[in-house]
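Residue-level structure breakdown
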Amino acid sequence: MNKLSISFEDGKSSYLPGEIVRGRGEWFLQEAPKELEVTLFWYTSGKGTEDVEVVDSLSHPNPGAHGEMPFSFQLPKEPYSFSGTYITLSWAVELLVHDPDDSHTEEIILSPTLNEILLHEVPKF
Amino acid sequence: MASALFVRAGDNPFRSSRLESLKYTFERGSHEQLLKQCELFKYRGAIVGAHGTGKTTLLRELQDHLRGKHFETELISLHDWCRTPQWRNLEAAARRKAIIFLDGAELLSRFAWFRLRCITRHAAGLILTSHTPGLLPTLYTTTTSFELFEQLTRELLEGEYPAESLRSLYEKYQGNLRQCFFELYDLYPAICYSGPRYASTLSC
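Residues numbered from 1 in each chain as written. Chains lettered and ligands numbered in written order. Predicted model: local features only at pLDDT ≥ 70, side-chain atom pairs only at ≥ 80, totals over all residues.

Some words on the overall build of chain B
On a plain count of helices and strands, chain B comes out with nine helices and five strands. Secondary structure elements of chain B occur, N-terminal to C-terminal, as α-α-β-α-β-α-β-α-β-β-α-α-α-α. Taken over the C-alpha atoms alone, chain B extends approximately 60 × 35 × 30 Å along its principal axes. Considering chain B as a whole, with its 204 residues, one finds that 32% of them fall into the buried category. Pairs at least 24 apart in sequence give 80% of the contacts found in chain B among residues at least 6 apart. (Helix = DSSP H or I, 4+ residues; strand = E, 2+ residues; numbered from the N terminus. Buried ≥ 20, exposed ≤ 12 C-beta atoms within 10 Å, placed from the backbone. Contact = placed C-beta atoms within 7 Å.)

Encoded structure:
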């Protein structure tokens, strides 16, 4: 059975804007994939059309059936992780295996408060 | 009061990504029969049905099936805000002998439909969705039923929802499941906070 995992340095999962996300992806696969990729991206989910943007990625050609790959991504200043009734914006790091395809995703938070911003709690001016 | 009924959009079981992950449920027939029908009609035909009955879902699944059989395919989606295809892309796909999947053919003007038919004459096929029959031979007619709506709601909620409320929603939107699920999205926070009657079966 394939096993993919992502771990973050110091077990962090919340980051300040502009901070660096460091960690490592590990894989234990039944057969060696052609390529492996670690991607930093954000995506939206909710009632309407959903959006996704890949911010950075690192690839590892011919990675072998098992191994590990450290990664380091500089987070941008925005968008922050937030949630409202109609839209949630989430950040994530994904370990993607190509041919045979597989993936594993870990969510992170990008926020000046280190917590997801809940829109209904934001004071109205 | 409003904040007490807050549910994160990303946790709402009726969010778009969950609706899009629903598989088409055949009320009659099967993917295999539809594929045979496509073959019989030389990959030229229409999936016909009213709004919210699963035409797009079925078209995309059919495209996946044919891609799995090593056909080259090209999906073109038309919308109210974009009623004509990118002609260059369409011509290129036809030259590559791809099967063209056109979602929303009823939005084409008569001129655009003639132009599209001319261009796709040399393609390996043209399979489209439309609200009304007549553009191409009908391959399949999508329909919904209250039982299907109930089943899909249960699947999305991972719990039960009162049948009488679902029945009135189904009737209100005349079988348009997309509209029914949009309304359930808005109702979900209230469902979550409706107390022990349903909360025990729901993941919120």
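Observations concerning helix H4 (residues 87-95) of chain B
Because the α-helix completes a turn every 3.6 residues, residues three or four places apart line up on one side. Residues and elements named next belong to chain B. Among all positions of H4, only Leu90, Ala93 and Ala94 are buried. Across the axial projection of H4, the buried residues extend over an arc of 100°, all falling on one side. Residues of H4 that are exposed and point more than 90 degrees away from the buried face comprise Arg88, Asn89 and Arg95. Contacts made by the buried residues of H4 are with strand E2 (73-77), strand E3 (99-103) and helix H5 (110-119). Once H4 finishes, Lys97 follows within two positions and takes phi at roughly 60°, a positive value. (Arc of directions from axis to C-beta.)

Observations regarding the interface of chain B and chain A
Listed as interface residues are eleven residues of chain B and, on the opposing side, 14 residues of chain A. Broken down by secondary-structure element, the contributors of at least two residues to the side of chain B that touches chain A are helix H1 (16-20) and helix H8 (177-192) of chain B. Per-class residue counts for the side of chain B that touches chain A are five nonpolar, four polar and two charged. (Nonpolar A, V, L, I, M, F, W, Y, C, P; charged D, E, K, R; others polar.)

Section: the sheet that holds strand E6 (residues 66-74) of chain A
All names here are of chain A. One open sheet accounts for three strands, arranged E1-E3-E6; its pairing is antiparallel. The open sheet has two edge strands with one neighbour each: strand E1 (3-8) and E6. Between one strand and the next, the sheet's axes are offset by a mean angle of 20°, whatever the strand orientation. Across nine bridges, the pairing between strand E3 (residues 20-28) and E6 is antiparallel. Among the inter-strand pairings, Ile20 is bridged to a residue of E6, identified as Gln74. (Pairing = 2+ DSSP bridges. Axes fitted to C-alpha atoms, helices over the stretch in contact; angles between N-to-C directions.)

Observations concerning the nonpolar core
If you look at the biggest cluster of nonpolar residues, it comprises 29 residues, and the most contacted ones within it are B:Ile47, B:Ile99, B:Ile100, B:Ala123, B:Ile127 and B:Leu128. With near-sequence residues (within four places) excluded, B:Leu128 lies in contact with B:Ala46, B:Leu102, B:Ala105, B:Leu135 and B:Leu136. In terms of nonpolar packing, the next biggest core, distinct from the first, is built from 16 residues, A:Leu40, A:Trp42, A:Phe73 and A:Val93 among them. (Core = buried A, V, L, I, M, F, W, Y, C linked by C-beta atoms within 7 Å.)

Re the domain arrangement of chain B
Residue and element names in this part refer to chain B. Segmentation of chain B into domains returns domain 1 (11-20 + 144-197) and domain 2 (31-142). Spacing between the C-alpha centres of domain 1 and domain 2 amounts to 30 Å. Between domain 1 and domain 2, the contact holds six residues from the first and four residues from the second. Here the residues of the side of domain 1 that touches domain 2 are counted per class, giving one nonpolar, four polar and one charged. (Domains from an automatic or database assignment.)

Focus on the packing of helix H6 (residues 146-157) of chain B against helix H7 (residues 163-172) of chain B
Two packed helices can be described by the angle between their axes and the distance between those axes. Residue and element names in this part refer to chain B. The contact between H6 and H7 brings their axes to 10 Å, and the two run at 120°. Compared by their axis directions, H6 and H7 come out oblique. Read as a crossing pair, H6 and H7 show a hand that is right-handed. Touching Phe146, Phe149, Glu150 and Thr153 of H6 are Ala163, Leu166, Arg167 and Tyr170, all from H7. (Parallel < 35°, antiparallel > 145°, perpendicular 65-115°, else oblique. Left-handed = near helix turned anticlockwise from the far one by under 90°.)

Some details on unusual backbone geometry
Of note, the amide linkage connecting A:Glu78 to A:Pro79 takes the cis form, showing an omega dihedral of 0°. Assignment of secondary structure puts A:Pro79 in the loop between E6 and strand E7 (82-83). The residue B:Lys42 is not glycine, and still its phi comes out positive at about 55°. Relative to the helices and strands, B:Lys42 is located in the loop between helix H2 (31-40) and strand E1 (44-49).

Comments concerning the pairing of E1(B)
Residues in a regular strand point their side chains to alternate faces of the sheet. Residue and element names in this part refer to chain B. Summarising burial for E1: six of the six residues are buried, a large majority. Where E1 lies against strand E4 (residues 125-130), five bridges are found, and the strand directions are parallel. Following the sheet pairing, Val48 is matched in E4 by Ser130. Here E1 runs beside strand E5 (residues 138-142); their pairing, made up of four bridges, is parallel. Across the sheet, Ile47 pairs through a bridge with Tyr140, a residue of E5.

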